[in-house]
Amino acid sequence: MARSVWKGPFVDAHVLKKAAKARESGRNEVIKIWSRRSTILPQFVGLTFGVYNGHKHIPVSVTEEMIGQKFGEYSPTRTFYGHAADKKAKRR
Amino acid sequence: MAVGDRDRLICVGAIAGAFGVRGEVRVKSFCAEPEAIAGYGPLVTEDGRRFAITIRGTAPGALVCRLSGVETREQAQALKGTRLHVARGRLPDLPEDEFYHADLIGLTVQDTGGAVLGQVRAVHDHGAGDFLEITGPALARPLLLPFTRAFVPTVDLARGRIVVDPPQGSDEAP
């Protein structure tokens, strides 16, 4: 069942604090967080988080399409090294 | 991309075994779009054999293909485990700021001061943008960097290097 609307999205308070601090500083940094359960909010767009996967912090560059998802969805806990073949990477 | 680099072979698939009794093979494609494996011209094996490939259909987890010169099931079965390659020069050119993983992997990584940090070990994308995994003796553990202009200002394929601007991550616990 979906979370009740009146409760609002869940975000750990320390994630909000770190995001606000990073936005104020305006520096190029990865905000390390362990809170995989936190919801991605609109104010996180444009920031880069390092989301812990139990082993390392996976960089997650937040975009508008990701709002409402949880951070953990973008930081898989199992790594698969496939073949490079013709796969492409786009520098944003 | 360096001139000599165009001949570098890139593994685009592997033969998983025979399919049926007419010499068709099951091919595991490593391409982003599996069917693209047939679009790069003849495929080369590690021992130098060349095969023209035609896709005939699909099987669970593989493509069913016909390889030139393979007419019987025995011939097809003998190829099991063979890796299929294509020359790097056969891959189409990409627009600016788009790179093949195969070109990025292995590049030397320098910081903005010119110090060598290591090499690109892998390129990942878990849905939140591509990022590079960098390993090297100068790094205690793999460095993961978002593949953005801010963190990777220079990609110099001709010289085989990238310049990165490692971020200041906050190490404190929540």
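Nothing here was measured: the structure is a model prediction, and the numbers come from that model.

Draft legend 1. View of the overall build of chain B. When helices and strands are counted, chain B shows two helices and 14 strands. Over its C-alpha trace chain B gives a radius of gyration of 20 Å, far above what one expects of a compact globule, namely 16 Å for 174 residues. When each of the 174 residues of chain B is scored for burial, the buried share is 44%. For chain B, the proportion of contacts with a sequence separation of at least 24, taken over those separated by at least 6, is 48%. Only carbon and sulfur atoms are counted for the fraction: they give 49% of the accessible area of chain B, which is about 8600 Å². Across chain B, the 19 positively charged side chains and the 22 negatively charged ones have centroids separated by 10 Å.

Draft legend 2. Summary view of the domain arrangement of chain B. According to the domain assignment, chain B contains domain 1 (3–90) and domain 2 (101–164). Averaged C-alpha coordinates put domain 1 of chain B and domain 2 of chain B at centres separated by 31 Å.

Draft legend 3. Seen up close, the sheet that holds strand S14 (residues 161–164) of chain B. Residue and element names in this part refer to chain B. Ordered by their spatial adjacency, six strands build an open sheet running S12-S11-S10-S9-S14-S13, and the pairing between neighbours is mixed. Only two strands of the sheet have a single neighbouring strand rather than two, namely strand S12 (143–146) and strand S13 (154–156). Mean inter-strand twist for the sheet, computed between neighbouring axes without regard to direction, equals 35°. Of the pairings in the sheet, the one linking strand S11 (residues 130–135) to S12 comprises four bridges and is antiparallel in character. What sits directly across from Leu 132, in S12, is Leu 145.

Draft legend 4. Here's a closer look at the pattern of salt bridges. Evaluation of the coordinates by the stated rule reveals eleven salt bridges over all chains. Its salt-bridge partner being Arg 121 of chain B, residue Glu 133 of chain B comes within 3.1 Å of it at the nearest N-O pair. In this pair, Glu 133 of chain B sits in strand S11 while Arg 121 of chain B sits in strand S10 (residues 116–125), placing the two residues twelve residues apart along the sequence. On the basis of relative accessibility, which here comes to 44%, the residue Arg 121 of chain B falls in the partly exposed class. Each of Arg 91 of chain A together with Glu 96, Asp 97 and Arg 149 of chain B takes part in a single network of salt bridges with overlapping partners.

Draft legend 5. Structural view of the packing of aromatic side chains. If you walk through the whole model with that rule in mind, you get five aromatic pairs over all chains. Each ring, one from Phe 44 of chain A and one from Phe 49 of chain A, has its centre 5.2 Å from the other, and the planes form 65°; the classification is edge-to-face. Of the residues examined, Phe 44 of chain A reaches a relative accessible area of 0% and is grouped as buried. Between the aromatic rings of Phe 99 of chain B and Phe 147 of chain B, the centroid separation amounts to 5.8 Å while the plane-to-plane angle is 65°, which identifies the pairing as edge-to-face. Of the two residues, Phe 99 of chain B sits in strand S8 (residues 98–100) while Phe 147 of chain B sits in the loop between S12 and S13, which places them 48 residues apart along the sequence. Judged by its relative accessible area of 1%, Phe 147 of chain B is buried. Among the aromatic side chains, those forming a connected cluster through ring pairs are Phe 44, Phe 49 and Phe 71 of chain A.

Procedures and definitions
Residues numbered from 1 in each chain as written. Chains lettered and ligands numbered in written order. Predicted model: local features only at pLDDT ≥ 70, side-chain atom pairs only at ≥ 80, totals over all residues. Heavy atoms only, no water. Helix = DSSP H or I, 4+ residues; strand = E, 2+ residues; numbered from the N terminus. Rg over C-alpha atoms; globule rule 2.2 N^0.38 Å. Buried < 20%, exposed > 50% of the residue type's maximum accessible area, 1.4 Å probe, protein only. Contact = heavy atoms within 4.5 Å. Areas by Shrake-Rupley, 256 points an atom, 1.4 Å probe, with all protein chains shown as cover. Lys, Arg positive; Asp, Glu negative; His and termini not counted. Charge placed at Lys NZ, Arg CZ, Asp CG, Glu CD. Domains from an automatic or database assignment. Pairing = 2+ DSSP bridges. Axes fitted to C-alpha atoms, helices over the stretch in contact; angles between N-to-C directions. Salt bridge = Lys/Arg side-chain N within 4 Å of Asp/Glu carboxyl O. Phe/Tyr/Trp six-rings, centres within 6.5 Å; stacked < 30°, edge-to-face > 60°.

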